[in-house]
Protein chains: 4
Amino acid sequence: MNKARVETFSDGVFAIAITLLVLTIAQPTNYGDLSRQLWDRLPSLAAYVVSFLVIGIMWLNHHSIFGYFERIDRPLVYLNHLLLLTVVFVPYPTGVLGEALRRGEGTQTAAIFYSVTMAVNAYCWAALWLYASSGRRLLHDGFPEELYTVAIGVAFISAYAVLALHFVFAAYYAVDPISRRATRASTAE
Amino acid sequence: MNKARVETFSDGVFAIAITLLVLTIAQPTNYGDLSRQLWDRLPSLAAYVVSFLVIGIMWLNHHSIFGYFERIDRPLVYLNHLLLLTVVFVPYPTGVLGEALRRGEGTQTAAIFYSVTMAVNAYCWAALWLYASSGRRLLHDGFPEELYTVAIGVAFISAYAVLALHFVFAAYYAVDPISRRATRASTAE
Amino acid sequence: MNKARVETFSDGVFAIAITLLVLTIAQPTNYGDLSRQLWDRLPSLAAYVVSFLVIGIMWLNHHSIFGYFERIDRPLVYLNHLLLLTVVFVPYPTGVLGEALRRGEGTQTAAIFYSVTMAVNAYCWAALWLYASSGRRLLHDGFPEELYTVAIGVAFISAYAVLALHFVFAAYYAVDPISRRATRASTAE
Amino acid sequence: MNKARVETFSDGVFAIAITLLVLTIAQPTNYGDLSRQLWDRLPSLAAYVVSFLVIGIMWLNHHSIFGYFERIDRPLVYLNHLLLLTVVFVPYPTGVLGEALRRGEGTQTAAIFYSVTMAVNAYCWAALWLYASSGRRLLHDGFPEELYTVAIGVAFISAYAVLALHFVFAAYYAVDPISRRATRASTAE
């Protein structure tokens, strides 16, 4: 199992998923009133920015996690596939959420859908990490998957709050990345 | 012929094909009834998941097969191109099958179409493998291409059975990968 | 922080963003009058060519800038993410501008939108560069971000002038690339 | 100028352009008559296959040509960008040609458009090659760009003949690749 090739494949998938996000912003339909049409698409732009940062930070954490592995085995590759499956899916709920916000219809459903996707993704990260760290005690603190589950609840209140929350989660992972937590855990031993 | 660059190109093609799958799930049209619209797209999601795993396992096997090659020649690159041609095509029948299942129309045709694509793909794998292993006896057991041909027959019965079957095939290749079979074959000599 | 993997990821994002540009050219709708329909899409083709060259030159400059870094840290990766966020967005205003020019409607708005995108992108470049070069005095001349801001003004006059201007900017960066300016700056010390 | 990074970027662009081809096959619209709808898309499938092989062989030749370069300079990178610009464009005329053939309308225009794209691409290859080989006499025979210009004429007669012709061109380059011609040229000296 060639670790470098798994990383290259994963990098490619992350790079494409993050780039496909731009296709989630609906094309204008009426060019006679273009400035208004573009203005109406601001929620789609916000969803684009949040999902972009979320995937960007995920990529960084993927990078950090794989930096810990000396070698990888088949089960790890399958868990990695599952994780990528949820990453690749992100543009779909992103497009749905942006469009729902623009239309002002179905925003609650779209926000729940977005949050569920992110929660499933968080559990895939946890599975990957647990498998990789079992027997090595790299993980002490536990992953905040509960947070992602909470975000599903928030989706019942406000779709914009969901976007803001996922932005905060991404920022949190940017400031307190997995690698640092792992280091903290090992030094705490 | 630089083996690494062929692998990088193939990895890129696999990564993009697997990511484009997300575009096969049709966007909702009526946001006033979004939860139902998303629910109706479950078959598309199922087709997405199965095709994702199928391509993911293919990528892994591609990886294993190329690990056996010390060097590659032009005919091998052409066979690899043919194989990639069928891999890149996968999102199209995936989209058609998911949409047919959602509409409840043309499911048999869509399932046959999906199965034929997978069968053609399986024969391309066999061609690549046979060319690469000829004179080296790496392959004893024979490839189960018949299975893929059988799947075409199953498509006449149920479209969901076809999805389930291809999921099982992917799982089989995950558990008993080409590399292991090759090792078994060489030790049996 | 593995510099090579950040470069590979960035290369992938640049490569995909530049390739998605082709999707911005609207498909013909009336094949009975195809030659005219294709002719009408010349502005979209022009927007495609300009954006392609702009992203192509950006990629080259990214390449040059990262050539100066011996190692990279997290803040740099985040600035790089922000930069990529604006690069990935380019196909959207490109498509809008090409379509506005084809329809002869909303061209001013579309040109302003395109120019603003490019200006934001220019400021992200400046941020990346300033962070990277702070304390090392690599940058003496200052970046011509004002030029990009000027281009927003030009957008009020003519949408074609905006395309021409961004073509000239790309050509300027091609002839007097960042790397050369940096060298000039250091020898001037 | 890092040759490896230019190759990686080019590989990525080739890989994405070749994969986007699958999006050129129009989705079925009427699932009640799916088998007929799929059958009607055979010309799109044919255009997909031909363009896939054309880009696949181009990638291989790109690979061979860059194998001759010990180092690369900026003008070469710009010529490479121009070449990639025409490669990335290929999915557009491919989609138009497939759709025109399906509708039985505008086939002549679509075939001319496809041939012109390929001819422009061929001239970009020639420019790259001439720049790279000038002063080194790698190129004796001259490139058959005339052939691509002839193909534009053929487009006036039959759109299918154009597809067949470009298939033959790709096959020719597969059998008598640039690398071999270059070797022949140098031994002839």
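Residues numbered from 1 in each chain as written. Chains lettered and ligands numbered in written order. Predicted model: local features only at pLDDT ≥ 70, side-chain atom pairs only at ≥ 80, totals over all residues. Heavy atoms only, no water.

### Some words on the packing of aromatic side chains
Per the counting criterion, the structure on display carries 24 aromatic pairs over all chains. An angle of 40° between the planes, with centres 5.7 Å apart, marks the rings of Phe89(A) and Tyr48(B) as tilted. Placement of the pair is Phe89(A) in helix 4 (residues 74-89) and Tyr48(B) in helix 3 (residues 42-68), with the two residues belonging to separate chains. Take Phe89(A) and Tyr48(B): they sit in the same class, and that class is buried. Note on Tyr92(B) and Phe113(B): the rings are 6.0 Å apart at their centroids and 85° apart in plane angle, and the pair reads as edge-to-face. With Tyr92(B) in helix 5 (residues 91-103) and Phe113(B) in helix 6 (residues 107-133), this pair connects stretches of sequence that are 21 residues apart. Across the pair, exposure class does not vary: Tyr92(B) and Phe113(B) are buried alike. (Phe/Tyr/Trp six-rings, centres within 6.5 Å; stacked < 30°, edge-to-face > 60°. Helix = DSSP H or I, 4+ residues; strand = E, 2+ residues; numbered from the N terminus. Buried < 20%, exposed > 50% of the residue type's maximum accessible area, 1.4 Å probe, protein only.)

### Some remarks on the confidence of the model for chain A
All names here are of chain A. Scored by pLDDT, chain A comes out at a mean of 83, with 85% of its residues at no less than 70. Low pLDDT (under 50) marks residues 137-141, which in the prediction has 12 contacts with non-local residues, meaning those over four places away or in another chain. What the predictor reports for the complex is a pTM of 0.87 with an ipTM of 0.84. (pLDDT = per-residue confidence, 0-100. Contact = heavy atoms within 4.5 Å.)

### Describing the layout of surface pockets
Considering only enclosed or pocket space, the second largest pocket measures out at about 1,000 Å³ in volume. Tallied by class, the residues present in the lining of the second largest pocket amount to 17 nonpolar, 16 polar and 13 charged. (1 Å grid on protein atoms, 1.4 Å probe; cavity = no way out; pocket = protein on both sides within 12 Å on 5 of 7 lines; lining within 4 Å. Points joined across faces, edges and corners; volume = space filled by probe spheres on them. Nonpolar A, V, L, I, M, F, W, Y, C, P; charged D, E, K, R; others polar.)

### Things to note about the interface of chain D and chain C
Taken together, the contacts link 30 residues of chain D with 40 residues of chain C. Carbon and sulfur atoms supply 73% of the area that chain D and chain C bury against each other, a total of about 2,900 Å² over both sides. Put simply, chain D and chain C have two salt bridges between them. The tally of links from chain D across to chain C stands at nine residue pairs in polar contact (both at pLDDT 80 or more). (Buried area = accessible area lost by both parts, 1.4 Å probe. Salt bridge = Lys/Arg side-chain N within 4 Å of Asp/Glu carboxyl O. Polar contact = N/O pair within 3.5 Å; in protein donor to acceptor, adjacent residues only side chain to side chain.)

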